[in-house]
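Listed here are the chains, written in short residue letters.
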Amino acid sequence: MKSQTTFIFLLLNLSLGHFMLSQQAASTGFNETTELFKDQEELSIRLKFSTKNLRANTNDSTYIASTLWYKDARDLWDSIDIKLRARGNFRRNNCYYVPLRIKIKKSKAKGTIFEGNKKLKVVLPCLEGRNGNDYVLKEYLAYKLYEDISPYHFKTRLVDLEFLEEKGQRIKEHRIQGFLIEDIDNVAERVNGKQIKRIIHPLQHDAVYAVENAFFEYMIGNTDYSSRVQHNQRLLFIDDKIISVPYDFDMSGLVNTHYATVSNIQNIPVQIDQVTQRAYKGYMRDEEVFQKVRQTYLAHKERIFAVVDGLKIHFRDAAQLSTAEDFITSFYKILEDDKKFERNIIKRTRTK
């Protein structure tokens, strides 16, 4: 009994040590976040373009010239010249609103809130309708949850978008919720890392951060990723460690969009047929690492739910937020139960 108590004490101290190190890394030793993402107030923006033209005339390397209007610190409209393209093969072909990538010249961004950001992603609802904005908010929530867990994450910011859609000679006005995502180059610069653009097997990644990542994907019920082939993951080299940073969570059970499907991008060990079911896709590590990360997540539980609660005012349908909260609660029930943790995570790890 004494030895068991000692082990638990040591385990909690290891976890606390990792937790403190993570927080120190997030607050010291990093470069400053750009003003755009340092400010977390919802940003009002306006865009005007033809969706048809954007789909037909842009690709990974081809952009169209456009203008982005935004509310400045005085709550007055200002504008900046940008280049715009559609992104995301699935959404480009299946959604009314096209996800966007913005490119901004350094000279144009200088002196504005966009200074320091050459590229940005804009996440928008897939379709018009009541739940579209709430799906976006749940994906935004996923980014914010990982931001709380790991110092190595993408910064995001909510936007209230006035979209003026050009349809021939007329303009159709849309008011939609969206959010901005910083570019991976900014992430690397902020955390004093370098982006790795080649495939490196997950077992060569830093063990603790790899398991934190896998736990997170499991928590939100996401199968649409692969740390092995770097699908919806970006690799960074930081302090002699290889760290994978996740993104793109719209196919997760937490978001549970109408188009979400289970992905077999990395041969799931346990077959599931609904995104609201979970399948652990992480790799086998030492038991000590799993327990360390487990305790880190448990230590963050109160803060995780505070992040959820903080978005309450933005949801149109309270049931959407409640469902998301219940989904995260179900993850913690697994984490807090030794048998469930063993059965659903430890025994489901991958070796290749």
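The structure we're discussing is the one just above.
This write-up is about the structure you can find in this document. (Residues numbered from 1 in each chain as written. Predicted model: local features only at pLDDT ≥ 70, side-chain atom pairs only at ≥ 80, totals over all residues. Heavy atoms only, no water.)

## Concerning the environment of valine 275
Convention followed: Think of it this way: any DSSP run of H or I at least four residues long counts as a helix, any run of E at least two long counts as a strand, and we number them from the N terminus. Buried means the residue's accessible area, taken with a 1.4 Å probe over protein chains only, is under 20% of the maximum for its type, while exposed means over 50%, and partly exposed covers the values in between. For this analysis, residues touch if any pair of their heavy atoms sits within 4.5 Å.
You can see valine 275 is positioned in the loop between strand E10 (241–246) and helix H9 (287–299). By relative accessible area, which is 9% here, valine 275 ends up buried. In this structure, the C-alpha to C-alpha distance between valine 275 and threonine 261, residues 14 residues apart in sequence, is 6.1 Å. Setting aside chain neighbours within four positions, we find valine 275 in contact with Gly221, Met251, Ser252, Gly253, Asn256, Ala260, Thr261, Val262 and Phe327.

## A short note on the nonpolar core
Filter applied, for reference: Side-chain atoms within 4.5 Å link the members of a nonpolar core, which is a set of buried Ala, Val, Leu, Ile, Met, Phe, Trp, Tyr and Cys residues.
Core analysis: the largest hydrophobic core is formed by 57 residues, its most contacted members being Leu145, Phe215, Phe216, Leu254, Tyr297 and Ile328. If you tally residues by element for this core, the top one is helix H6 (residues 132–149), at nine residues. Filtering out sequence-adjacent residues up to four positions away, leucine 254 remains in contact with Lys138, Leu141, Ala142, Leu145, Ile220, Ala324, Phe327 and Ile328. If you look at the next biggest cluster of nonpolar residues, it comprises 29 residues, including Tyr70, Ile82, Ile102 and Phe163.

## Describing the packing of H6 against helix H8 (residues 207–219)
Where we set the bar: Note on definitions: angles span 0 to 180 degrees between N-to-C directions of axes, and those axes are lines fitted to C-alpha atoms, for helices only across the stretch in contact. Throughout this description, any angle smaller than 35 degrees is read as roughly parallel, any larger than 145 degrees as roughly antiparallel, any in the 65 to 115 degree range as roughly perpendicular, and the remainder as oblique. Crossing handedness follows the turn of the near helix against the far one: under a right angle anticlockwise gives a left-handed crossing, and clockwise gives a right-handed one. All amino acids are sorted into three groups, where Ala, Val, Leu, Ile, Met, Phe, Trp, Tyr, Cys and Pro are nonpolar, Asp, Glu, Lys and Arg are charged, and the leftover types, Gly among them, are polar.
In contact at an axis separation of 11 Å, H6 and H8 are set at 150° when each is read in the N-to-C sense. The angle between the axes of H6 and H8 places the two elements in the roughly antiparallel class. Along this stretch, H6 crosses H8, giving a crossing that reads as right-handed. Seen from H6, the contacting residues are Ala142, Leu145, Tyr146 and Ile149; seen from H8, they are Tyr209, Glu212, Asn213, Phe216 and Met219. Here the residues of the contact of H6 with H8 are counted per class, giving seven nonpolar, one polar and one charged.

## Topic: the sheet that holds strand E8 (residues 194–196)
Condition: Any two strands between which DSSP finds at least two bridges are classified as paired.
One open sheet holds the three strands; their spatial order is E8-E9-E10, and the pairing between them is antiparallel. On the outer flanks of this sheet lie E8 and E10, each paired with one strand and no other. Looking at each pair of strands side by side, their axes are set apart by 40° on average, direction ignored. Looking at chain direction, strand E9 (residues 233–238) and E10 are connected through six bridges and run antiparallel. Across the sheet, arginine 234 pairs through a bridge with valine 245, a residue of E10. Those strands touched by H8 are E9 and E10, and its axis lies near 15° from that of E10.

## Quick word on helix H11 (residues 318–335)
Condition: Helices are assigned an expected span. That span is 1.5 Å times one less than the residue count. Nitrogen and oxygen atoms within 3.5 Å of one another constitute a polar contact, given that in protein one can donate a hydrogen and the other can accept it, and given that sequence-neighbouring residues count only through two side-chain atoms.
Taking 1.5 Å per residue, 18 residues should reach 26 Å; H11 reaches 26 Å between its end C-alpha atoms and fits that length. In this structure, the buried side of H11 is in contact with H6, H8, H9, helix H10 (301–310) and helix H12 (338–344). Near the N-terminus of H11, the side chain that reaches the backbone nitrogen of alanine 319, with its oxygen 3.0 Å away, is that of aspartate 317.

## Considerations on a positive patch on the surface
How we decide: Exposure above 30% relative accessible area and the lack of any salt bridge qualify a residue for a patch; like charges then connect within 9 Å, and the nonpolar side chains Val, Leu, Ile, Met, Phe, Trp and Tyr within 5 Å. Method for areas: the Shrake-Rupley scheme with a 1.4 Å probe, in which residue coverage is limited to the protein chains shown. Any Lys or Arg side-chain nitrogen located within 4 Å of an Asp or Glu carboxyl oxygen qualifies as a salt bridge. Note on charges: Lys and Arg go in the positive column, Asp and Glu in the negative column, and His and the chain ends are not counted at all. Where a charge lies is defined by one atom per residue type: Lys uses NZ, Arg uses CZ, Asp uses CG and Glu uses CD.
Together, Lys333, Lys339, Lys340, Arg343, Lys347 and Arg348 line one region of the surface with positive charge. The greatest single-element share of the positive patch, amounting to three residues, is contributed by H12. As for its position among the elements, lysine 340 is in helix H12. A relative accessible area of 33% places lysine 340 in the partly exposed class.

## Some words on the pairing of strand E1 (residues 43–49)
Side-chain direction in a regular strand flips from residue to residue, so the side chains alternate between the two faces of the sheet. Among the seven residues of E1, five are classified as buried, and the element is accordingly described as predominantly covered. Where E1 meets strand E6 (residues 156–167), seven bridges bridge the pair, whose relative direction is parallel. Bridge pairing links lysine 48 to leucine 164 in E6.

## A few points about unusual backbone geometry
We note that glutamine 230 has phi near 55°; this positive angle belongs to a residue other than glycine. Here glutamine 230 is to be found in the loop between H8 and E9. Classification of glutamine 230 by relative accessible area gives buried; the value is 15%. Unlike most non-glycine residues, aspartate 239 shows phi in positive territory, near 50°. Along the chain, aspartate 239 turns up in the loop between E9 and E10.

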